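# Results of the structural survey
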Amino acid sequence: MIIIMLGAPGTGKGTVAALLEGELGYKQVSTGDIFRKNIQEGTELGKLADSYISKGQLVPDDVTINIVASRLEEPDVQEGIILDGFPRTVAQAEALDDILAKKGKKVDMVLNLTTPEEEIIERVVSRRICSNQQCKTVYNVVMNPPKQEGICDKCGAKLVQRQDDNEETIKSRIATYMEQTSPLVEYYQNKGVLRTEEVSQRINHLGKDVADEVVRDINK
Ligand code: AP5
Ligand code: MG
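The notes below deal with the structure included here. (Residues numbered from 1 in each chain as written. Chains lettered and ligands numbered in written order. Predicted model: local features only at pLDDT ≥ 70, side-chain atom pairs only at ≥ 80, totals over all residues. Heavy atoms only, no water.)

## A look at the sheet that holds strand E8 (residues 194-198)
Here is the rule: Criterion used throughout: strands pair if DSSP finds at least two bridges between them. Each helix is a run of H or I in the DSSP string that is no shorter than four residues. Each strand is a run of E no shorter than two, and both are numbered from the N terminus. To define axes, lines are fitted to C-alpha atoms, for helices over the stretch in contact only, and angles between the resulting N-to-C directions are given on a 0 to 180 degree scale. The contact criterion used throughout is that any non-hydrogen atoms of two residues lie within 4.5 Å.
Strand order in the open sheet formed by five strands is E2-E3-E1-E4-E8, with parallel pairing between adjacent strands. The outermost strands of the open sheet, each flanked by one partner alone, are strand E2 (27-30) and E8. Adjacent strand axes in the sheet meet at a mean angle of 20° when their direction is disregarded. As judged from the four bridges shared by strand E1 (residues 2-7) and strand E3 (residues 81-84), these two strands associate in the parallel manner. Residue pairing in the sheet places Ile4 in a bridge with Leu83 of E3. Helix H1 (residues 13-24) contacts E1, E2, E3 and strand E4 (109-114) of the sheet and is inclined by roughly 160° relative to E1.

## Quick look at the packing of aromatic side chains
How two aromatic rings sit relative to each other is given by the distance of their centres and the angle of their planes. Threshold: Note on aromatic contacts: the rings of Phe and Tyr and the six-membered ring of Trp form a pair at centre separations within 6.5 Å, being stacked when their planes are under 30 degrees apart, edge-to-face when over 60 apart, and tilted otherwise.
Counted under the stated rule, the structure contains one aromatic pair. The interplanar angle of 85° and the centroid separation of 5.0 Å between the aromatic rings of Tyr187 and Tyr188 together place this pair among those described as edge-to-face.

Take a look at the structure:
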């Protein structure tokens, strides 16, 4: 089963994908996480990705598509995968369709998360993530704080803030989403696989509710 998490920055793609991974057993693969790992390790890919991510722009399609194409060959994702943050352009979506068609597969569900823009900015500037690459648990110092300040509840590692989680960069990330990624809503709607869910504290519909509903429908 191929599930795609679509949505503007900070709508909760990573949070919902991690819940779905726990319930369904399919791996969450986040292109953002792959780039951040490479930035942390100082690889050539990391240097290239950093020059785009720090400005809130997308990493070029050819680079990103190649990374996902090779990840899709690995044994742990043959039963299913939750793609978090890919595709992000129509060119990436078309490339993914081609790669999957060659394997006799297709995109089964696109979960499109929406959240009001003011809430996105609040969430992103108060997000903290576990620095342990094996853990990467996401916290929020306002909405979902760790038990001990600055320390991961699950593994005890230090919590850090993403370098693109500041007010200036998040505004640019939202603009990039509107311009280059939002056309995918129509792309997947036309394919009949889009499921849109508003994830907002204000309407009291949270990521956990969305994940539970999706799991219930898949297991029906
Ligand atoms: P990426 O890492 O994918 O970042 P993003 O799309 O900007 O999304 P985020 O990870 O910021 O948010 P999220 O939706 O996962 O929300 P989260 O669950 O953490 O990409 C980073 C960069 O890499 C891009 O800008 C681009 O440069 C590059 N890149 C990545 N993929 C690419 C691609 N395919 N092509 C080209 N370039 C690519 O939640 C956010 C916060 O809100 C957390 O603090 C969380 O605790 C909190 N929260 C979550 N849900 C709720 C809720 N329901 N109520 C209250 N708080 C909540
Ligand atoms: Mg994320």
